[in-house]
Structures are given as C-alpha cells and as structure tokens.
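# Overview (structure and organization)
Each chain, letter by letter, is given below.
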Amino acid sequence: MLIGGFQKFSLLEYPEKLGAVIFTRGCNFRCPYCHNPELVDVDRYSELISEESVLQFLLNRKGKLESVTVSGGEPTLQPDLLDFLLKLKDMGYAIKLDTNGSHPDVIEKLVSHKAVDYWAMDIKAPISLYSLVCGCSVNDKDILRSMNLIRQSGGDWEFRTTYFNQIMNWNDVLEIQPLLKPGDKYYLQQCNYNNTLEPIHNPHQTNLELLFSQEASTKLREKSHHYRMLNDAGKLQQIIIKMR
Ligand code: SF4
C-alpha cells in the first residue's frame, strides 16, 4: 500500500465510531478542486508512510479505536488493498472506504470478501458533466455499476457530491437526482477551496440552503428526509439527504 497520509484519530470520518484515517497515494481523476494535491500530483507528493508503522499503531490501539477509514487519492488503485483491509478487519476494526467509483471490478472483489462495512462514494457530477468535473475521461457505466454494487454490498453507504460551482450549477445537482434510489444517503457538500489541485479563480461558496429551498428543488425535498450540517463557524457545510 502506498500511504501518503495518516490521521491517528478522527471523530468525524466513520459515523459514530472513533477511528483513524489512512490516505493512499495516487488518483486516476484530476478534479480541479481536489484539496489533497499531495496525494494526486506527482510533483507535490508527500513522503510515504510505511505500512508496517501504520499497522503496528493500529494493533496497539485495538479496543481504543473502533474504525479505520481508507481514503485517498483513490484507494482502489492499490493492488494489495483487499489484503490490507482484511488485515485491519482481523484486528477487529470496522472499515470505511472512500472511493470515486471508477473501478467496479475492485469494488466487486471487496464486496465478495465483505472487506468494507461502510462505503462512501463520490458522485462527482451529472453524467453529462462527469469527465469535465473529473478532469479526465470517465466511463459512466463504471460509475453506475459501482453504485449498484455498493447498494447490494450488505454494508452501509453514502453517496456524495461536492458542489463545484465553477463548472456546475444547481440544475446540474438536480440532474444527479435520477441516479439516486430509495434508501440512498446522499451528502451534498460545499467545496473546500484551500490548497486545491488547480488554481481556482474567484473561489466562492454557494448558498446551498437557499438553492435547496427553492421551487426547482421541490421534487428532491419531497422524495427525501434532509438534514443540515453546519461547520464550526455556524455556516452550512453539508445537506444530508436520505432518499425515501
Ligand atoms: S477529489 Fe478527485 S482528484 Fe482528488 S482524490 Fe478525490 S477523485 Fe482524486
């Protein structure tokens, strides 16, 4: 495993479980707003952290931490991901995997080994804008297949979209809605414009709450239960939408 970052303690990553977060190095997407460029851009790569040191730390914390989130970069690019996750499961950890959904074959393998308890997959954009938002060519069939595999995995899951208002507008968000099904949990989140992969001109955050409350969003509101998540400054950070 190429590990480019390790957070020893997080209250936020795994719902209701204290845990550590592992960031794998390398990604096949080039989202301009990516705020982990040191995991994505070869010229900005951070130093690797040894897998042994991470496993040893987690072995020592057994019983104190409950979960491990494997994020990126894109974890499904790591050829030894399954073995690594099974080692963590053997230690008793609940596993969350963050993925961009571009490798359904890997997801299928992880599902068949029950290696992941909680899935978090990005839906970057409506299908018509996918490649533009991701900065590379994306096969939409892969994305849709990954979504279905995750739904059938037997684990918990969430899908999430970062509202990148330099390319997307609110109608594009509403165009994502047909991809969602009853039972899906969907996080719509503000873009973090600090330390982005590409320079962002005139970065600003959108009033998601206002857009979500307007007439055009009625169908989405009616089809879901929804919650607001505020950041430390009391501003809206995410809308969590549970499809009915
Ligand atoms: S935001 Fe995009 S480029 Fe960055 S790690 Fe995620 S999928 Fe890769």
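Structure first, text after, so check above.
Scoring rules and cut-offs
- Residues numbered from 1 in each chain as written.
- Predicted model: local features only at pLDDT ≥ 70, side-chain atom pairs only at ≥ 80, totals over all residues.
- Helix = DSSP H or I, 4+ residues; strand = E, 2+ residues; numbered from the N terminus.
- Rg over C-alpha atoms; globule rule 2.2 N^0.38 Å.
- Buried ≥ 20, exposed ≤ 12 C-beta atoms within 10 Å, placed from the backbone.
- Contact = placed C-beta atoms within 7 Å.
- Pairing = 2+ DSSP bridges.
- Axes fitted to C-alpha atoms, helices over the stretch in contact; angles between N-to-C directions.
- Arc of directions from axis to C-beta.
- Near = placed C-beta within 6 Å.
- Nonpolar A, V, L, I, M, F, W, Y, C, P; charged D, E, K, R; others polar.
- Parallel < 35°, antiparallel > 145°, perpendicular 65-115°, else oblique.
- Expected span 1.5 Å × (residues − 1).

The next point concerns the overall build of the chain. Secondary structure assignment for the chain yields eight helices and nine strands. A globule of 244 residues ought to have a C-alpha radius of gyration of about 18 Å, and the chain, at 18 Å, matches this closely. In terms of its C-alpha atoms, the chain occupies a principal-axis envelope of roughly 55 × 40 × 40 Å. The proportion of buried residues among the 244 residues of the chain is 38%. Put simply, 70% of the contacts in the chain that link residues at least 6 apart link residues at least 24 apart.

Looking now at the sheet that holds strand β8 (residues 224-230). Spatial ordering of the open sheet is given by β1-β2-β3-β4-β5-β6-β7-β9-β8, a layout of nine strands whose pairing is mixed. Strands at the two margins of the open sheet, each flanked by one partner only, are β1 (3-14) and β8. Each neighbouring strand pair of the sheet contributes to a mean axis angle of 20°, computed without reference to strand direction. Against the sheet, helix α5 (residues 140-151) engages β5 (118-122) and β6 (156-163), with an angle of about 160° to β5.

With that out of the way, let us pick up helix α2 (residues 81-90). Every buried residue belonging to α2 is among L81, F84, L85 and L88, and all of these are buried. Seen along its axis, α2 keeps its buried residues to an arc of 95°; they face one direction. Turned more than 90 degrees off the buried face of α2, the exposed positions are D83 and D90. The elements touched by buried residues of α2 are α1 (51-60), β3 (67-71), β4 (94-99) and α3 (104-112). After α2 finishes, the residue G92 shows a positive phi value of roughly 100°.

The next thing to look at is the site of the ligand. Surrounding the ligand, one finds C27, F29, R30, C31, C34, N36, V40, G72, G73, E74 and N100. A per-class count over the shell around the ligand returns five nonpolar, four polar and two charged.

Another point: the packing of α3 against α5. It is the contact of α3 with α5, at a shortest axis distance of 9 Å, that shows an interaxial angle of 10°. On the basis of the axis angle, α3 is roughly parallel to α5. In contact with P104, I107, E108 and V111 of α3, α5 contributes D142, R145, S146, L149 and I150. Partitioning the contact of α3 with α5 into residue classes produces five nonpolar, one polar and three charged.

Pairing of β8 with strand β9 (residues 236-243), which is carried by seven bridges, proceeds in the antiparallel orientation. When the bridges of β9 are listed, R228 appears paired with I239. The turn linking β8 back onto β9 is made up of five residues, and G234 within it adopts a positive phi angle of 80°.

The next thing to look at is unusual backbone geometry. Between G72 and G73 the backbone carries a cis peptide bond, its omega angle lying at 10°. Residue placement: G73 occurs in the loop between β3 and α2. Phi is positive for N195, close to 55°, though the residue is something other than glycine. For N195, the position within the fold is in the loop between β7 (185-190) and α7 (208-213). The backbone of N202 sits at a positive phi, close to 55°, despite the residue not being glycine. Here N202 is to be found in the loop between β7 and α7.

On to α5, then. End to end, α5 covers 17 Å across 12 residues, agreeing with the expected 16 Å (1.5 Å per residue, within 8%). Taken as a whole, α5 has its buried residues at I143, S146, M147, L149 and I150. Down the axis of α5, the smallest arc covering the buried residues is 165°, so these residues share one side. Along α5, the residues that are exposed and aim more than 90 degrees away from the buried face are K141 and N148. Buried positions along α5 lie against α3, β5, α4 (130-134) and β6.

Here the focus is the environment of Y227. Looking at the secondary structure, you find Y227 in strand β8. C-beta crowding within 10 Å serves as the criterion here: with 11 such atoms nearby, Y227 is assigned to the exposed category. In sequence terms Y227 and A125 are 102 residues apart; their C-alpha atoms lie 21 Å from each other.

By themselves, these observations are geometric and do not establish any function.
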